[in-house]
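Report on the structure
One letter stands for each residue in the lines below.
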Amino acid sequence: MPDKKLGLYIHIPFCMKKCLYCDFCSGVYGPEIRKDYVKALTNELRYQSERLYDYSVASIYIGGGTPTWLEEKLMDRVIKTVFKYYNVEPAAEITMEMNPATASESQLFSYHTLGVNRLSIGLQSSNEEELRTLGRVHSFKDFLRSFEAARRSGFDNISVDIMTGIPGQNPLSLKKTLSDVFLMKPEHISCYSLIIEEGTPFHDMYGEDDEKRKRGEPQEFLPSEDEEYELGKTAQNMIKAAGFSQYEISNYAKLGKACLHNVGYWKRTPYLGVGISAASLIDEIRYTNTRDINEYIRKGISSNFPLYNEAEALSEKKRMEEFMFLGLRMTEGILENDFYETFGVLLDSVYMLPVERLLSEKLLKRDRGRLFLTELGADLSNYALSMFLLDKD
Amino acid sequence: MENGLSHIRNFCIIAHIDHGKSTLADRLIEMTGVLTEREMSEQVLDNMDLERERGITIKSQAVRLIYRSDSGEEYIFNLIDTPGHVDFNYEVSRALAACDGAILVVDAAQGVEAQTLANVYLALDHDLEILPVINKIDLPSADQAECAKEIEDVIGLDCEEAPRISAKTGLNCHDVLESIVKALPAPKGDMNAPFKALIFDSLYDSYRGVIVFFRVFDGVVKPGDRIRMMATGAVFNVVETGYFGPGQFIPCDELSAGMVGYLTASIKDVHETRVGDTITSDEKPCEAALPGYKAVHPMVYCGMYPADGAKYPDLRDALEKLQLNDAALQFEPETSQALGFGFRCGFLGLLHLEIIQERLEREYDLDLVTTAPSVVYRVYRTDGEMIELTNPSNLPDPSEIDHMEEPVVDAEIMVTKDYVGDIMKLCQERRGEYVSLEYVEQTRAILKYVLPLNEIIYDFFDALKSRSRGYASFDYELKGYVKSALCKLDILINKERVDALSFIVFEGTAYDRGRKMCEKLKENIPRHLFEIPIQAAVGGRVIARETVKAMRKDVLAKCYGGDISRKRKLLEKQKEGKKRMRMIGEVEIPQEAFMSVLKLDEE
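Definitions and limits used
- Residues numbered from 1 in each chain as written.
- Chains lettered and ligands numbered in written order.
- Predicted model: local features only at pLDDT ≥ 70, side-chain atom pairs only at ≥ 80, totals over all residues.
- Heavy atoms only, no water.
- Axes fitted to C-alpha atoms, helices over the stretch in contact; angles between N-to-C directions.
- Helix = DSSP H or I, 4+ residues; strand = E, 2+ residues; numbered from the N terminus.
- Parallel < 35°, antiparallel > 145°, perpendicular 65-115°, else oblique.
- Left-handed = near helix turned anticlockwise from the far one by under 90°.
- Contact = heavy atoms within 4.5 Å.
- Core = buried A, V, L, I, M, F, W, Y, C linked by side-chain atoms within 4.5 Å.
- Buried < 20%, exposed > 50% of the residue type's maximum accessible area, 1.4 Å probe, protein only.
- Salt bridge = Lys/Arg side-chain N within 4 Å of Asp/Glu carboxyl O.
- Pairing = 2+ DSSP bridges.
- Buried area = accessible area lost by both parts, 1.4 Å probe.
- Nonpolar A, V, L, I, M, F, W, Y, C, P; charged D, E, K, R; others polar.
- Patch = residues over 30% accessible without salt bridge, like charges linked within 9 Å, V, L, I, M, F, W, Y side chains within 5 Å.
- Areas by Shrake-Rupley, 256 points an atom, 1.4 Å probe, with all protein chains shown as cover.
- Lys, Arg positive; Asp, Glu negative; His and termini not counted.
- Charge placed at Lys NZ, Arg CZ, Asp CG, Glu CD.
- Polar contact = N/O pair within 3.5 Å; in protein donor to acceptor, adjacent residues only side chain to side chain.

All names here are of chain A. Packing of helix 6 (residues 171–183) against helix 8 (residues 225–241) leaves a shortest axis separation of 10 Å and a crossing angle of 25 degrees. With respect to each other, helix 6 and helix 8 are oriented roughly parallel. The way helix 6 lies across helix 8 gives a crossing that is right-handed. For the pair formed by helix 6 and helix 8, the contact residues are Pro171, Leu174, Lys175, Leu178, Ser179 and Phe182 on the first element and Leu231, Thr234, Ala235, Met238 and Ile239 on the second.

The following block contains the structure:
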């Protein structure tokens with residue numbers, strides 16, 4: 001196995017129905033497109049493997065969209081292509097995202113057999129009303145059924161996504177969701193607060209409300225700022241009390257079950273992303289694939305590579321910025337010595353002012369050569385992390 | 001001049017807005033020649049090339065037209081353009097004083113309107129002969145007969161001979177030219193008397209210095225003459241005399257009584273050539289200056305600060321350049337704790353302020369923060385000393401103040417009957433003192449009020465327009481100072497007084513303004529890690545308060561598939577917002593917050 005490690009991200013942009021809050025690059029497409037997409041995707045995998053022959057793949061993440069909504073035989077083809085052309089480490093973490101309403105037990109069993117060893121289940125809430133509000137296609141029952149099916153199929157590393165700040169959510173319903181989830185004993189929990197993104201139906205419905213809330217004014221539908229804050233804190237406290245440790249702003253895991261693939265993003269280890277909108281970081285160049293599925297298919301099928309429409313060689317300044325604002329997302333933060341080893345300059349020589357300021361504001365802590373966000377800093381991470389952007393020269 | 005005074009006409013065009021003043025001016029320029037036949041052959045081409053080489057842009061304040069009348073004689077018309085805003089009333093009055101007649105343009109579809117009357121009165125004040133012209137007769141809704149009747153009834157001008165035209169199509173415009181010859185008077189003047197001329201405008205040109213625009217009343221001026229400005233006392237040697245072609249200066253040998261033209265004399269700045277001053281011969285001066293000269297004083301002051309502190313020298317240079325061309329603009333350096341180094345600038349009025357601000361931003365590429373405009377208050381101290389206060393921050397301690405005075409104006413508002421009630425209400429709200437109400441005809445009234453200047457400099461004009469649906473017009477003149485119950489309103493942000501936000505206000509409206517300021521600031525100050533009280537205080541007593549709540553949660557959405565660039569953009573947006581902030585104590589205040597309080601009454 002080569003020494004150089006690579007994370008591999010595979011984007012499956014297909015959904016049964018698009019959720020009302022979702023702004024990811026995904027949608028509802030017919031079977032022809034799905035088939036053509038997988039053709040293009042496997043071509044891209046093959047093409048990229050040629051220049052990445054000296055990497056070994058330490059983690060794979062199949063995300064979307066809804067990967068489990070893809071036909072089994074097409075997914076089968078994708079996974080087999082990966083194993084055929086890449087040096088996948090025997091212990092590699094291989095995650096697949098799934099929607100509770102879309103995966104059958106036989107499918108899960110088959111994917112597990114092919115090598116997928118981690119599932120990330122998008123539950124969001126166990127409250128049926130809240131699921132409807134979000135426009136999710138599944139019920140809580142679907143979740144229970146698929147979770148049990150996953151366990152029976154051999155998955156011993158399962159993550160559950162939970163959402164706070166859903167319109168109509170209250171501390172009681174959130175606590176119910178959490179205890180419902182804890183009963184299933186997942187190994188990992190991701191807990192995000194609902195963000196009203198532009199271009200989504202939620203933005204049309206709640207955009208104005210959200211703006212008011214951001215200004216600290218009374219809002220109508222969304223939980224108030226104080227309520228949202230309390231919901232977030234409730235979730236954080238309960239998840240930690242249930243034996244999970246928080247290793248990143250929004251992620252919690254049982255011992256040894258942190259998501260290696262995502263940690264790779266924060267630590268800036270190289271990764272390849274395939275599929276529409278997927279991003280890669282290889283040799284400090286960031287590539288971003290086209291978001292246009294027709295263009296992707298057209299070029300991919302005819303092997304008209306590359307498929308990225310953006311490539312940016314990251315300047316040292318940008319690498320330093322990323323080192324900080326990505327690294328500090330992790331609870332353990334960053335080692336000042338790592339910064340020195342990576343860039344050959346002392347962290348203080350670049351970031352003394354923001355560090356001092358954040359330390360004095362109690363958003364950041366320094367402990368034996370390690371810098372990390374405090375709980376308050378994590379709550380205000382946008383504010384805190386933006387301090388590490390350097391002035392343009 | 002071979003034809004003498006009898007073949008010169010000096011006039012302006014007056015009209016209500018949109019009645020066709022500029023269109024008619026364009027038409028007249030188009031229909032006439034710019035040079036006499038003799039001049040045509042001699043001078044033009046060379047001169048125009050020269051102009052082009054030098055790249056001089058000329059604001060045309062006056063234009064000379066050559067018209068060969070139906071009788072075959074050649075006439076010189078000097079058309080003098082007048083600014084159209086109450087801020088520049090004085091300039092308008094001087095331009096009118098340079099004329100002998102005025103063309104009154106009335107829209108045949110609209111009839112006589114507020115500004116029609118206001119302008120007529122202004123013209124009559126200067127003893128101008130008025131030639132009515134009924135315009136836009138091509139419009140389907142035009143009613144020439146009714147319009148003529150209205151002019152006769154309301155203004156009292158005979159319309160029997162009035163040209164009925166369409167300036168747009170050119171229909172009957174020839175009649176206007178003939179009427180100018182017949183109905184408007186020729187200038188009077190004594191060629192042999194000492195030189196005497198009225199300055200009605202001036203322009204700074206970086207090659208030639210100040211170009212002075214004037215009307216000769218008596219005598220002659222030519223290059224080489226030694227002239228004196230009677231008010232400022234400045235003396236110069238004339239370098240060039242000439243008259244105005246459209247968009248160009250055309251030199252000539254001399255300018256004599258009755259003529260309108262320009263001169264250059266290596267004058268370095270417009271402050272020595274004040275509008276309204278009389279120019280005379282230094283060797284053989286005239287006995288008395290022409291009447292009506294006023295030294296123009298700024299009525300409105302505000303602080304102007306560069307958004308980027310490093311641009312302070314650029315702002316100073318820009319102001320100096322603008323001042324070369326604008327005798328009414330004043331400025332002196334000042335410092336603000338909140339805004340750093342800047343200038344306290346004086347203007348004729350709010351429009352003047354806005355024009356200067358816009359020119360600084362556009363022509364000089366400066367990003368500005370301005371403080372609330374203020375009038376000049378008179379503060380009488382207990383020791384008897386009087387201070388003219390232009391910056392609210394300099395107000396002495398209340399214990400040292402005996403009393404204060406504020407400037408008031410005589411305001412004339414012309415309004416249609418239906419809106420009289422609303423406008424009176426507005427004037428009362430603005431602390432107006434009712435003087436009179438006269439109906440100039442059945443549907444139109446002139447309301448006279450004495451109003452405090454500080455009540456009209458912000459948004460009075462806008463309020464007037466909106467409450468009268470655009471039918472009211474407004475004119476004012478400084479009346480003097482009156483004793484008034486005034487106080488200083490301070491704004492405290494996180495318990496720190498922000499000097500740039502302080503202003504003087506009438507006691508009775510302090511609470512209302514303070515509350516509105518706090519509300520506006522709350523909207524414009526971003527949330528911080530801590531709670532920020534915003535308070536309005538008068539003499540240490542807090543009269544209004546708002547709170548910017550502390551920021552509790554500010555996190556990014558899920559980071560998907562290694563898409564870092566999107567996260568970066570969000571963080572960059574956050575950081576970008578910070579750049580344009582001013583630190584007041586611990587609080588970062590965006591530039592917009594300072595500007596937002598200037599428009600309190602917009603909602």
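What follows continues from the structure just given.
On to the nonpolar core, then. Within the largest apolar cluster, 66 residues are counted, with the highest numbers of intra-cluster contacts made by A:Ile10, A:Ile60, A:Met75 and A:Ile239. Sequence-distant contacts of A:Ile239, defined by excluding residues within four places in its chain, comprise A:Leu178, A:Phe182, A:Ile189, A:Cys191, A:Phe244 and A:Tyr252. Grouped together as the second largest cluster of nonpolar side chains are 51 residues, B:Cys302, B:Leu319, B:Leu366 and B:Val409 included.

This next bit is on the pattern of salt bridges. Applying the stated criterion across every chain, the model contains 62 salt bridges over all chains. Residues A:Arg268 and A:Glu322 are paired through a salt bridge, measuring 3.0 Å at the closest nitrogen-oxygen approach. Here A:Arg268 is found in the loop between helix 9 (260–267) and strand 9 (271–274), whereas its partner A:Glu322 is found in helix 11 (residues 316–327), with 54 residues between them in sequence. Taken as a pair, A:Arg268 and A:Glu322 share a single burial class, namely buried. In this structure, B:Glu30 and B:Arg27 form a salt bridge, with 3.0 Å as the shortest nitrogen-oxygen distance. A residue pair is termed a helical-turn pair when its members lie 3 or 4 positions apart in one helix, as B:Glu30 and B:Arg27 do in helix 1 (residues 21–31) at three residues. Within this structure, A:Arg268, A:Glu284, A:Arg286, A:Arg319, A:Glu321, A:Glu322, B:Arg568 and B:Glu572 form a network of salt bridges that share partners.

Turning our eyes to something else, we now look at the sheet that holds strand 14 (residues 364–367) of chain A. Residue and element names in this part refer to chain A. Ordered in space as 13-15-14, the three strands form an open sheet in which the pairing is antiparallel. Since the sheet does not close on itself, it has two edges, and those belong to strand 13 (334–335) and strand 14, each with one partner. Two elements, strand 14 and strand 15 (residues 370–373), share four bridges in a ladder whose sense is antiparallel. Along strand 15, the bridge assignment pairs Leu364 with Leu373.

Moving on, we get to the interface of chain A and chain B. Every contact between the two is made by 47 residues of chain A and, on the other side, 28 residues of chain B. Both faces combined, the contact of chain A with chain B buries some 3900 Å², and carbon together with sulfur accounts for 54% of it. Along the contact surface separating chain A from chain B lie eight salt bridges. Linking B:Glu588 and A:Arg357 is a salt bridge whose minimum nitrogen-to-oxygen distance equals 3.8 Å. For the side of chain A that touches chain B, the per-class residue count stands at 19 nonpolar, eight polar and 20 charged.

What follows deals with the sheet that holds strand 6 (residues 196–205) of chain B. For sheets, the rule is that strands pair by backbone hydrogen bonds, running either parallel or antiparallel. Residues and elements named next belong to chain B. One open sheet accounts for eight strands, arranged 10-9-15-6-7-14-11-12; its pairing is antiparallel. One side of each edge strand has no neighbouring strand; the edge strands of this open sheet are strand 10 (235–237) and strand 12 (248–252). Recorded for the sheet is a direction-independent mean angle of 40 degrees between the axes of neighbouring strands.

Let's shift gears to a negative patch on the surface. A cluster of acidic residues, B:Glu152, B:Asp158, B:Glu160 and B:Glu161, forms a negative patch at the surface. Relative to the helices and strands, B:Glu160 is located in the loop between helix 6 (144–155) and helix 7 (173–183).

Okay, the packing of helix 1 (residues 31–51) of chain A against helix 10 (residues 293–301) of chain A next. Residue and element names in this part refer to chain A. Where helix 1 contacts helix 10, the two axes come as close as 8 Å, and the packing angle between them is 55 degrees. As the angle between them shows, helix 1 and helix 10 are arranged oblique. Between helix 1 and helix 10 lies a crossing of left-handed hand. On the side of helix 1, the interface is formed by Ile33, Asp36, Tyr37, Lys39, Ala40, Leu41, Asn43 and Glu44, while helix 10 contributes Ile293, Asn294, Tyr296, Ile297, Gly300 and Ile301.

With that settled, consider the side chain of B:Glu240. Residue and element names in this part refer to chain B. Residue position: Glu240 is located in strand 11 (residues 240–245). For Glu240, a relative accessible area of 18% puts it in the buried group. A polar contact of 3.0 Å, which involves the side chain of Glu240, links it to the side chain of Arg208. There is a polar contact of 2.5 Å between the side chain of Glu240 and the side chain of Tyr262.

Spatial relationships are all this shows, so hold off on functional conclusions.
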